[in-house]
Amino acid sequence: MIGGLFIYNHKGEVLISRVYRDDIGRNAVDAFRVNVIHARQQVRSPVTNIARTSFFHVKRSNIWLAAVTKQNVNAAMVFEFLYKMCDVMTAYFGKISEENIKNNFVLIYELLDEILDFGYPQNSETGALKTFITQQGIKGQHQTKEEQSQITSQVTGQIGWRREGIKYRRNELFLDVLESVNLLMSPQGQVLSAHVSGRVVMKSYLSGMPECKFGMNDKIVIDKQGKGGTTDEPGKSELGGSGKQSIAIDDCTFHQCVRLSKFDSERSISFIPPDGEYELMRYRTTKDIILPFRVIPLVREVGRTKLEVKVVIKSNFKPSLLAQKIEVRIPTPLNTSGVQVICMKGKAKYKASENAIVWKIKRMAGMKESQISAEIELLPTNDKKKWARPPISMNFEVPFAPSGLKVRYLKVFESKLNYSDHDVIKWVRYIGRSGIYETRC
Amino acid sequence: MTDSKYFTTTKKGEIFELKAELNSDKKEKKKEAVKKVIASMTVGKDVSALFPDVVNCMQTDNLELKKLVYLYLMNYAKSQPDMAIMAVNTFVKDCEDLNPLIRALAVRTMGCIRVDKITEYLCEPLRKCLKDEDPYVRKTAAVCVAKLHDINAQLVEDQGFLDTLKDLISDSNPMVVANAVAALSEIAESHPNSNLLDLNPQTINKLLTALNECTEWGQIFILDCLASYLPRDDRESQSICERVTPRLSHANSAVVLSAVKVLMKFMEMLPKDLDYYGTLLKKLAPPLVTLLSAEPELQYVALRNINLIVQKRPEILKHEMKVFFVKYNDPIYVKLEKLDIMIRLASQANIAQVLAELKEYATEVDVDFVRKAVRAIGRCAIKVEQSAERCVSTLLDLIQTKVNYVVQEAIVVIKDIFRKYPNKYESVIATLCENLDSLDEPEARAAMIWIVGEYAERIDNADELLESFLEGFHDESTQVQLQLLTAIVKLFLKKPTETQELVQQVLSLATQDSDNPDLRDRGYIYWRLLSTDPVAAKEVVLAEKPLISEETDLIEPTLLEELICHIGTLASVYHKPPSAFVEGSRGVQHKRLPPRAGSGESTESPDVGQSGPSEAPPAVIPSQGDLLGDLLNLDLAPPTATVPSVQPSMQMGAMDLLGGGLDSLLGGDIGGSPSMGAGLGAAPAAMPASLGGAPAVGGGLGDLFDLGGGVGMPTGSYVAPKTVWLLAMKAKGLEISGTFARRGGIIQMDLSLTNKAMSVMTDFAIQFNRNSFGLAPAGPLQVLTPLSPNQTIDVSLPLSTSGPVMKMEPLNNLQVAVKNNIDVFYFSCQYPLSLLFVEDGKMDRQVFLATWKDIPNDNEAQFQIKDIHLNSDVASNKLQGSNIFTIAKRTVEGQDMLYQSVKLTNGIWVLAEMRIQTGNPNYTWMCWRRPHVRECVSQNDSPVIS
């Protein structure tokens with residue numbers, strides 16, 4: 001199991017050091033600093049073995065978190081734990097920075113004591129932790145016995161992510177379908193690979209212990225219902241009206257509140273949600289993806305000292321919708337000496353420090369097209385190696401889900417309290433963003 | 001909240017100030033001071049001097065302060081054990097507190113204080129806490145048992161905590177169950193043979209129920225524990241799989257990977273024609289692909305594991321090639337791993353896409369990545385014949401870029417392509433020759449030289465090209481020198497008239513001016529071959545080369561099996577067995593996959609037996625395969641290298657003995673082997689034939705290999721070549737080398753004594769220490785004449801087995817004392833266990849049958865012996881020569897099963913089953929009886945066979 005956990009600043013100074021196992025000594029702290037942080041080269045592996053000791057590390061801005069062990073630990077678990085540790089710290093004191101860590105070091109030690117025991121991760125749900133790790137030490141003494149046992153049963157219980165007795169005057173929930181669409185396209189416009197990785201993020205402000213059921217236009221469910229002869233589910237089952245009736249989901253994973261065995265057997269998604277914001281599910285689709293933009297590059301080398309670049313982008317969605325925050329990044333060779341750009345829409349600039357022309361457009365409606373042309377002057381070099389031509393990448397945000405996913409319903413049942421599904425105010429929003437959206441040129 | 005100020009106090013006299021503040025009456029001030037102490041501790045300052053003052057702050061109502069003091073205690077208690085006792089009272093009191101959080105805190109902290117005296121006091125509170133009404137306290141106490149076990153294992157057993165811990169598996173609270181499982185699994189690791197976890201269908205059922213309810217981490221503990229269970233039949237296996245598959249949809253990648261591990265393992269037991277088997281295969285792909293959208297560090301872990309899964313069950317991901325395409329912004333470690341998997345998944349169906357991608361990668365920035373991409377193109381050519389032409393033209397395009405390392409890498413892989421498809425792509429040689437000057441890496445130079453030598457007859461100026469390399473012969477690396485030597489000899493055999501001078505030159509360079517024994521030896525062999533029988537030389541040097549395999553960099557199957565059992569863990573990331581990087585007893589235990597369902601398939605999963613740590617018997621003679629391979633100039637290893645994943649199997653621990661060790665033993669067996677080509681795979685029969693036809697050559701080789709009378713002595717007990725036991729420098733000039741033999745029922749120790757000192761040696765005597773089988777000299781050491789300087793004398797010492805017995809480690813270790821007129825010298829050596837196989841070891845059939853059935857399963861061990869081209873009858877005869885008797889034989893689905901018995905001098909019987917599959921050069925050897933004997937038996941028997 002995890003033998004120790006260290007946090008360093010960018011210089012390799014130790015901010016936090018907690019040792020859980022006897023086989024990890026103080027010299028491990030230095031070994032990592034010397035061999036990894038001070039190595040100052042590209043990280044060749046997130047797992048490093050130094051003198052029979054294994055170091056797992058992740059980096060958040062310029063802070064290094066390292067878990068250390070001498071045993072054959074579950075490596076995936078260690079990384080998941082480090083990510084979780086970052087989440088917990090962010091939930092407690094915001095951004096992970098040297099300043100914040102130093103200011104909260106007592107809290108961090110207290111957290112580390114709680115969520116890692118002898119190197120075994122324990123309950124690390126912030127919702128539960130915040131009920132008893134408060135940095136107001138005296139509180140413990142004034143709790144009633146009921147309060148104490150409520151805390152312990154929540155921390156160890158089946159529904160560790162939610163406490164009892166939550167009350168809201170207005171029961172409300174927000175669903176955000178956030179998708180990032182990834183594309184790799186050949187210069188000829190052939191899709192080399194494309195997939196959508198999506199997340200359903202829920203903000204729930206619901207009283208009591210509500211039992212929820214979530215439905216979407218999952219092809220497997222829709223097909224099954226079609227065969228069964230039953231028409232749509234009662235309630236809110238309006239489809240957005242655009243395009244496909246159902247989508248094929250390659251794979252999905254759920255927050256631990258979702259009953260996985262029920263999903264496995266009936267493919268229904270039922271759960272008692274945590275209070276506040278959390279990620280209900282993640283999914284991935286590869287079939288029939290709506291690619292919101294198409295990039296058509298044209299690069300011509302004129303002699304050895306000049307490049308002509310022309311890039312056309314076409315928006316490919318309903319004309320009534322507007323895409324936002326569009327940014328096209330056209331890489332330029334390292335030996336670029338000057339660039340002239342002409343674009344029809346938006347603003348374009350050559351950024352020498354990033355070796356790229358960055359073209360920004362605030363808004364663009366569907367079924368439109370725009371163009372940029374640039375002349376790039378090059379310095380003559382002796383470098384035999386040809387320019388690697390990195391792909392043209394693109395960023396954007398569109399108000400629909402490129403996978404075609406639609407929320408069909410989210411039903412809420414709370415039998416003990418007197419509110420019903422109809423009293424809950426529900427909001428659904430779709431945002432499609434670019435993930436790695438690249439076209440080779 | 002500006003605690004960062006505590007980090008900045010670095011002035012002198014700080015400790016005194018802190019001391020004062022710690023003893024202050026004001027609570028706030030105290031707390032501030034403790035915080036300062038902890039901050040100093042964090043940055044590595046020694047604040048142990050403040051121990052009593054900090055401990056004094058422990059008695060407090062302030063929980064935050066208390067936790068800080070505890071933190072300090074955990075760090076320094078070990079250095080101040082006497083003062084740490086001061087804290088005990090508070091702990092014991094806290095364990096009785098009304099607040100469960102405080103009770104748990106106390107028991108948690110107490111377990112972390114590694115002071116013997118404190119552990120004594122810990123027992124009672126711990127016992128109470130294990131039965132606490134509050135689950136939070138129980139789950140903490142469960143982990144505390146593991147902590148205590150780490151400090152004092154005996155205490156935990158004596159106090160009966162293990163039983164209490166076992167009871168917690170049935171606890172009503174899932175988190176208590178999970179922590180109890182974690183603690184038990186850890187304790188069980190250090191007691192490999194105890195039945196601590198005692199998994200049976202009932203407990204498994206409890207675990208599966210808890211699995212649905214506990215935290216993500218708890219699920220990981222439970223799944224990892226489940227993976228060590230061996231279901232009783234395929235039905236049970238299937239029902240567990242069914243209950244584990246929902247975990248594949250968990251958001252936590254570690255839960256997913258651990259579930260994959262359980263499924264991969266239990267799948268082994270399902271019959272392949274079962275519908276469910278197919279369903280399961282289909283279910284595994286999507287979650288594995290989803291792992292690739294995790295954060296890069298996890299992607300890396302996932303990819304290393306997928307690499308194993310693809311080797312074990314290629315069918316799972318065969319349609320998912322595209323997800324492994326490299327993204328421009330992937331970290332380099334993700335890119336390299338993806339590339340590895342792409343090569344493994346490349347097939348005729350997707351080769352066009354793959355090639356287009358690889359070509360793209362070959363223009364990237366990172367040198368390692370580009371090299372690997374170029375290499376991958378070559379692999380594709382070798383793997384998918386249809387694509388070979390396209391690959392070659394892609395490689396030529398890359399050579400045209402003139403980027404130095406791309407060109408070199410391309411040449412190395414083109415050499416392999418030539419090997420695979422002879423006489424097909426030689427048209428490109430001209431292009432390659434143009435780049436001769438730019439090659440500066442040994443591997444590329446050697447590859448180029450090989451190409452020139454191999455195709456010397458088609459390259460007009462081959463002699464000039466090779467001559468140009470010869471100028472700087474001594475500055476080249478060994479690899480290049482060896483290759484150059486061979487290439488020029490080839491050239492000479494092909495164009496003898498023009499190149500006589502050249503060959504003379506290279507032979508004298510190699511034999512006279514070189515310090516490298518490999519090079520010199522090879523030079524001499526060529527020289528003798530060429531001078532005595534050029535026809536034979538041609539047959540040897542220009543012989544047809546064995547095919548190179550399509551799949552490369554494959555992990556050796558037994559290691560792969562073991563790694564599959566470690567999916568998700570560090571072992572799967574390093575591609576090494578845990579024993580290679582874990583110290584001590586933990587994790588050294590080898591895990592294995594359950595036996596494959598259906599009888600005919602059992603060879604698919606050769607299990608690794610549990611074999612204890614023991615050293616390989618000294619094997620000084622290099623493997624025969626290598627030597628012959630060298631002569632046939634195969635030393636440009638067929639596509640391997642680059643990936644470090646292959647090497648781990650050679651690293652250490654018992655694995656090696658069974659993997660590399662055995663192979664080299666087999667290879668090392670030169671004397672008395674009728675099939676010299678055996679080690680070579682599909683090696684040409686030309687070698688032994690030419691040996692017979694050209695006695696002079698045979699004699700020459702005999703000298704070199706120290707064949708002695710070996711050739712033509714097909715049967716009889718195996719005698720290992722003599723090895724040096726006692727070095728002259730350690731024994732005032734006396735060098736002893738020796739071996740053991742069994743001749744006509746008498747065990748003999750053959751010794752060569754060499755006097756390397758300046759004075760005469762006399763008065764030799766020998767004595768053995770007590771040993772496992774009671775070996776003792778049956779007579780005095782017969783050295784009649786005095787041993788004069790530089791003289792060697794061979795002595796045979798008969799041994800008896802009636803000496804005193806003492807178990808040795810390893811079992812076959814023998815400690816010897818030799819005396820002469822100068823001094824007494826000690827050395828130890830290891831004898832092959834086959835020495836102890838007695839002539840009357842043939843068991844009665846009926847007795848055999850009865851005994852066989854009575855053998856408990858855990859007395860069983862399995863080994864694989866590789867690359868033996870003997871059929872069962874020959875093998876059986878040969879084994880009989882070493883007193884391993886075949887009692888019965890049966891043939892099941894093309895496999896010959898030999899049932900054998902062996903009796904040792906001390907009356908212990910060993911029963912064995914040997915499976916031989918026709919056409920498969922690998923033997924599976926299973927043997928039973930005494931656990932510690934079987935290890936040695938297995939090691940020692942393999943040479944006997946070939």
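Residues numbered from 1 in each chain as written. Chains lettered and ligands numbered in written order. Predicted model: local features only at pLDDT ≥ 70, side-chain atom pairs only at ≥ 80, totals over all residues. Heavy atoms only, no water.

Asker: Would you take a moment to explain the overall build of chain B for this structure?
Answerer: Along chain B, the regular secondary structure elements total 39 helices and 13 strands. Taking all 946 residues of chain B together, the buried fraction comes to 60%. Here the analysis covers contacts within chain B between residues at least 6 apart in sequence; of these, 68% occur between residues at least 24 apart. When the accessible area of chain B is evaluated, it comes to approximately 36900 Å², of which 51% is carbon and sulfur surface. (Helix = DSSP H or I, 4+ residues; strand = E, 2+ residues; numbered from the N terminus. Buried < 20%, exposed > 50% of the residue type's maximum accessible area, 1.4 Å probe, protein only. Contact = heavy atoms within 4.5 Å. Areas by Shrake-Rupley, 256 points an atom, 1.4 Å probe, with all protein chains shown as cover.)

Asker: Where do I start with the sheet that holds strand β7 (residues 813-819) of chain B in this structure?
Answerer: Adjacent strands of a sheet form backbone hydrogen bonds with each other and so pair up, either parallel or antiparallel. All names here are of chain B. Read from one edge of the open sheet, three strands run β4-β7-β8, paired in antiparallel fashion. Here the strands that pair on one side only, and so sit at the sheet edges, are β4 (765-768) and β8 (824-830). The sheet shows a mean angle of 25 degrees between the axes of neighbouring strands, direction not considered. Where β7 and β8 come together, seven bridges link them in antiparallel fashion. Across the sheet, residue A817 finds its bridge partner in β8, namely Y826. (Pairing = 2+ DSSP bridges. Axes fitted to C-alpha atoms, helices over the stretch in contact; angles between N-to-C directions.)

Asker: What exactly am I supposed to notice about the interface of chain B and chain A here?
Answerer: Interface size, as often reported, equals the accessible area lost upon joining of the parts. At the junction of the two partners, chain B supplies 113 residues and chain A supplies 96 residues. In total, chain B and chain A occlude about 8900 Å² of area from one another, counting both sides; carbon and sulfur atoms represent 55% of this. At the junction of chain B with chain A, the criterion picks out 13 salt bridges. One salt bridge in this structure joins R21 of chain A and E186 of chain B, with 2.5 Å as the shortest N-O distance. (Buried area = accessible area lost by both parts, 1.4 Å probe. Salt bridge = Lys/Arg side-chain N within 4 Å of Asp/Glu carboxyl O.)

Asker: When you look at the confidence of the model for chain A in this model, what are you seeing that I'm missing?
Answerer: Parts of the model with low pLDDT should not have their predicted coordinates read in detail. Mean pLDDT over chain A: 87, with 93% of residues reaching 70 or higher. Below a pLDDT of 50 lies the segment residues 229-243 of chain A, which in the model reaches 19 contacts outside its immediate sequence neighbourhood of four places, other chains included. (pLDDT = per-residue confidence, 0-100.)

Asker: It is not clear to me how the sheet that holds strand β3 (residues 746-755) of chain B should be interpreted in this structure. Could you clarify?
Answerer: Here five strands make up an open sheet; going across it, the order is β1-β2-β3-β6-β5 (chain B) and the pairing antiparallel. For this open sheet the edge positions go to β1 (723-726) and β5 (776-777) of chain B, each flanked by a neighbour on one side alone.

Asker: Explanation requested: the pattern of salt bridges in the structure shown.
Answerer: A side chain with one charge may pair with a side chain of the opposite charge, provided their charged atoms come close. Residues and elements named next belong to chain B. Scanning all chains against the criterion turns up 71 salt bridges over all chains. Salt-bridge contacts for E409 lead to R371; the nearest nitrogen and oxygen are separated by 2.6 Å. With E409 in helix α23 (residues 404-420) and R371 in helix α21 (residues 367-383), the pair connects residues that are 38 residues apart, well separated along the chain. Here E409 and R371 have matching classes, each one buried. What you see here is one network of salt bridges that share partners, running through E268, K312, R313, E315 and E561.

Asker: When you look at a positive patch on the surface in this model, what are you seeing that I'm missing?
Answerer: Residues and elements named next belong to chain A. Together, K347, K349, K360, K362 and R363 make up a positively charged patch on the protein surface. Broken down by secondary-structure element, the contributors of at least two residues to the positive patch are β18 (347-351) and β19 (356-365). With respect to the element layout, R363 can be found in strand β19. (Patch = residues over 30% accessible without salt bridge, like charges linked within 9 Å, V, L, I, M, F, W, Y side chains within 5 Å. Lys, Arg positive; Asp, Glu negative; His and termini not counted. Charge placed at Lys NZ, Arg CZ, Asp CG, Glu CD.)

Asker: What's the story with a negative patch on the surface in this structure? I'm lost.
Answerer: Residue and element names in this part refer to chain B. A grouping of E464, E467, E471 and E501 is seen on the molecular surface, where their side chains present a negatively charged patch. Tracing the sequence through the fold places E471 in the loop between α26 (462-470) and α27 (478-494). Owing to a relative accessible area of 71%, E471 belongs among the exposed residues under this scheme.

Asker: What is the right way to look at helix α20 (residues 351-361) of chain B in this model?
Answerer: Working note: α-helix, 3.6 residues per turn, so residues spaced by three or four point in the same direction. Among all positions of α20 of chain B, only I351, V354, L355, E357, L358 and Y361 of chain B are buried. Burial along α20 of chain B is one-sided: seen end-on, the buried residues are contained in an arc of 165 degrees. Considering only its buried residues, α20 of chain B is in contact with β8 (172-185) and β9 (191-205) of chain A together with α19 (332-345), α21 and α22 (388-400) of chain B. (Arc of directions from axis to C-beta.)

Asker: Could you clarify how one ought to interpret the packing of aromatic side chains in this entry?
Answerer: Think of a pair of aromatic rings as described by two things: how far the centres are apart, and how the planes are tilted against each other in angle. Residue and element names in this part refer to chain A. For the structure on display, the rule yields 28 aromatic pairs over all chains. Taken together, a centroid distance of 5.8 Å and an interplanar angle of 75 degrees make the contact between Y168 and Y205 edge-to-face. Placement of Y168 in the loop between α7 (145-156) and β8 and of Y205 in strand β9 is noted, with a sequence separation of 37 residues between them. When its relative accessible area of 28% is taken as the criterion, Y168 is described as partly exposed. Residue classification places Y205 among the partly exposed residues on the basis of a relative accessible area of 28%. Each member of the aromatic cluster is reached from another via a ring pair, and the members are F6, Y8, F32, F55 and W64. K130 extends its terminal NZ or CZ atom over the ring of Y92, reaching a point 5.5 Å from the ring centre. (Phe/Tyr/Trp six-rings, centres within 6.5 Å; stacked < 30°, edge-to-face > 60°. Lys NZ or Arg CZ within 6 Å of the ring centre and 35° of its normal.)

Asker: Teacher, can you tell me more about unusual backbone geometry here?
Answerer: A negative phi holds for most residues other than glycine; trans holds for most peptide bonds. All names here are of chain A. Its identity is not glycine, yet K325 carries a phi of approximately 45 degrees, on the positive side. Along the chain, the position of K325 falls in strand β16 (residues 322-331). According to the relative accessible area criterion, K325 is exposed, its value standing at 56%. Notably, N355 is not glycine yet its phi reads approximately 55 degrees, a positive angle. Within the secondary structure, N355 sits in the loop between β18 and β19.

Asker: How do you make sense of the pairing of strand β2 (residues 14-19) of chain A when you look at a structure like this?
Answerer: The side chains of a regular strand alternate, first on one face of the sheet and then on the other. All names here are of chain A. When you tally the buried positions in β2, you get five out of six residues, the bulk of the element. By the bridge criterion, five bridges tie strand β1 (residues 4-8) to β2 in an arrangement that is antiparallel. Opposite L5, over in β2, you have R18 as the bridge partner. Between β1 and the antiparallel strand that follows it, β2, lie five residues; G12 among them carries a positive phi value of about 95 degrees.

Asker: Can you walk me through a nonpolar patch on the surface in this structure?
Answerer: On the surface, V724, L727 and M729 of chain B cluster together to form a nonpolar patch covering roughly 320 Å² of accessible area. Inspection of the secondary structure assignment puts V724 of chain B in strand β1.

Asker: What exactly am I supposed to notice about the nonpolar core here?
Answerer: Grouped together as the largest cluster of nonpolar side chains are 290 residues, with contacts concentrated most on F56 of chain A together with Y72, L73, L317 and F418 of chain B. Of the residues forming this core, the biggest block, 14 residues, is contributed by helix α2 (residues 75-93) of chain A. Other than its neighbours up to four places away in sequence, Y72 of chain B contacts V37, I38, M41, V47, S48, L50, F51 and V54 of chain B. Listed in part, the 45 residues of the second largest apolar core include F740, L753, F827 and C829 of chain B. (Core = buried A, V, L, I, M, F, W, Y, C linked by side-chain atoms within 4.5 Å.)

Asker: Got a minute to help me understand the packing of α21 of chain B against α22 of chain B in this structure?
Answerer: Residue and element names in this part refer to chain B. Direction vectors running N to C along α21 and α22 enclose 155 degrees, while the axes themselves pass 8 Å from each other. By the angle class used here, α21 and α22 are roughly antiparallel. As α21 runs across α22, the sense of the crossing is left-handed. On α22, the residues touching V374, I377, C380 and A381 of α21 are A388, C391, T394, L395 and L398. Of the residues belonging to the contact of α21 with α22, the class tally is eight nonpolar, one polar and no charged. (Parallel < 35°, antiparallel > 145°, perpendicular 65-115°, else oblique. Left-handed = near helix turned anticlockwise from the far one by under 90°. Nonpolar A, V, L, I, M, F, W, Y, C, P; charged D, E, K, R; others polar.)

Asker: What should I look at first to understand the side chain of N252 of chain B in this one?
Answerer: Its place among the elements puts N252 of chain B in the loop between α15 (234-244) and α16 (253-267). A relative accessible area of 1% places N252 of chain B in the buried class. Here A254 of chain B takes part through its backbone nitrogen, which lies 2.8 Å from a polar atom of the side chain of N252 of chain B. N252 of chain B has contacts with E80 of chain A together with E216, W217 and I220 of chain B, leaving out every residue within four places of it along the chain. (Polar contact = N/O pair within 3.5 Å; in protein donor to acceptor, adjacent residues only side chain to side chain.)

Asker: What's the story with the environment of F773 of chain B in this structure? I'm lost.
Answerer: Residue and element names in this part refer to chain B. Along the chain, F773 turns up in the loop between β4 and β5. Look at F773 and you get buried, because its relative accessible area is 5%. For the pair F773 and R344, spaced 429 residues apart in sequence, the C-alpha separation works out to 50 Å. Once you skip the residues sitting within four places of it in the chain, F773 turns out to touch T801, V805, L811, Y831, L833, L836, L904, T905 and N906.

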